[in-house]
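Here is how the chains run, residue by residue.
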Amino acid sequence: MWSRCCMFLRTRFVISQQRDICVTSLKSSTFSRPRKHKMAGATGNLKPQQFQYLLVLDFEATCDEDVKLRPQEIIEFPVVMINTETLATESIFHQYVQPQVHNRLSHFCTNLTGIIQEMVDGQDYLDDVLNKYDKWMAEKLLSKGHTFAFVTCGDWDLKTMLPSQCKYFNFRKPQYFNQWINIKKEYAAVTSKYPKGMIAMLDGLSLDLEGRHHSGIDDSKNIARVAVELLKKGHVFKINGYLQ
């Protein structure tokens, strides 16, 4: 009786294993082909680019309603790294930053960005975050000789925000931040319409907003999606923003 029971259990176990293998095999064959087809269609109109990688950056900073803070300080530092040949996001750098002067976030700032006090308390100050980012750049790009360009939605991030805070605290700013691509100008070159902001570009390309507007990391990912769509249309990205 016990031996027949054991044989029955083994048989059920083997059948169960076979079913699991069958299901796994079916899932693999079902999803692999569409993914390859999608990639082929996505990259069909790509043109050779000046840069192997686009680094999409969108800072969030301290702010208050009807008050101009001096200094304004970066509280979120996100960068999304896109391969211009495969259109894949290959890496993300993301760090919250503790402000030093206006170290208590205003209700206005939290409501706008979704960043609460606990997200910045105990985080590194900007100088340490810049050092971490420089190491990330060395690992991902600089040591490999890859070409790259920063992409921003407007000129504020790298023309105003970062230079002003580095000057206020006497931080060293890496030279690679001294030029960038303002994606609004690239979007206008493709569509002949200069966009008011990120939402207008998403709408113009029939893309839905993903995540929260004014979250640095979500905005960076959405701007990256805009960049990918422009690449698919055969647009060649060029530097259009500089620090004198």
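In this report, the structure presented in the accompanying data block is examined. (Residues numbered from 1 in each chain as written. Predicted model: local features only at pLDDT ≥ 70, side-chain atom pairs only at ≥ 80, totals over all residues. Heavy atoms only, no water.)

Another point: the pairing of strand S3 (residues 74–83). Residues in a regular strand project their side chains so that they alternate between the two faces of the sheet. Counting buried residues in S3 gives ten out of ten residues, a clear majority hidden from the surface. Relative to S3, strand S1 (residues 53–57) runs antiparallel, the two sharing five bridges. Looking at the pairing, Val56 lines up with Val80 of S3. Bridging between strand S2 (residues 60–61) and S3 involves two bridges; their strand directions are antiparallel. Its bridge partner being in S3, Glu60 is matched across the sheet by Glu76. For S3 and strand S4 (residues 89–96), the ladder comprises seven bridges, and the chain directions are antiparallel. Directly across from Phe77, in S4, lies its bridge partner Gln95. If you look at the hairpin formed by S3 and S4, you'll find five residues sitting between the two strands, and Leu87 has a positive phi there, around 70°. (Buried < 20%, exposed > 50% of the residue type's maximum accessible area, 1.4 Å probe, protein only. Helix = DSSP H or I, 4+ residues; strand = E, 2+ residues; numbered from the N terminus. Pairing = 2+ DSSP bridges.)

Along the chain, the position of Val190 falls in helix H6 (residues 183–191). Classification of Val190 as partly exposed rests on a relative accessible area of 29%. When residues no more than four places from it in sequence are discounted, the contact partners of Val190 are Leu230, Lys233 and His235. (Contact = heavy atoms within 4.5 Å.)

This brings us to the nonpolar core. Among the nonpolar cores identified, the biggest contains 29 residues, and Leu55, Phe77, Tyr133, Met137, Phe150, Leu162 and Phe177 are the most heavily contacted of them. Those elements that provide at least two residues to this core are S1, S3, helix H4 (126–140), strand S5 (148–152) and helix H5 (156–169). With six residues, the top contributor of residues to this core is H4. Discounting chain neighbours no more than four positions away, the residues touching Leu55 are Val79, Val80, Met81, Tyr133, Trp136, Met137, Leu141, Phe148, Ala149, Phe150 and Val151. One finds Ile82, Leu207, Ala224 and Ala227 within the second-largest nonpolar core, a separate group that totals 27 residues. (Core = buried A, V, L, I, M, F, W, Y, C linked by side-chain atoms within 4.5 Å.)

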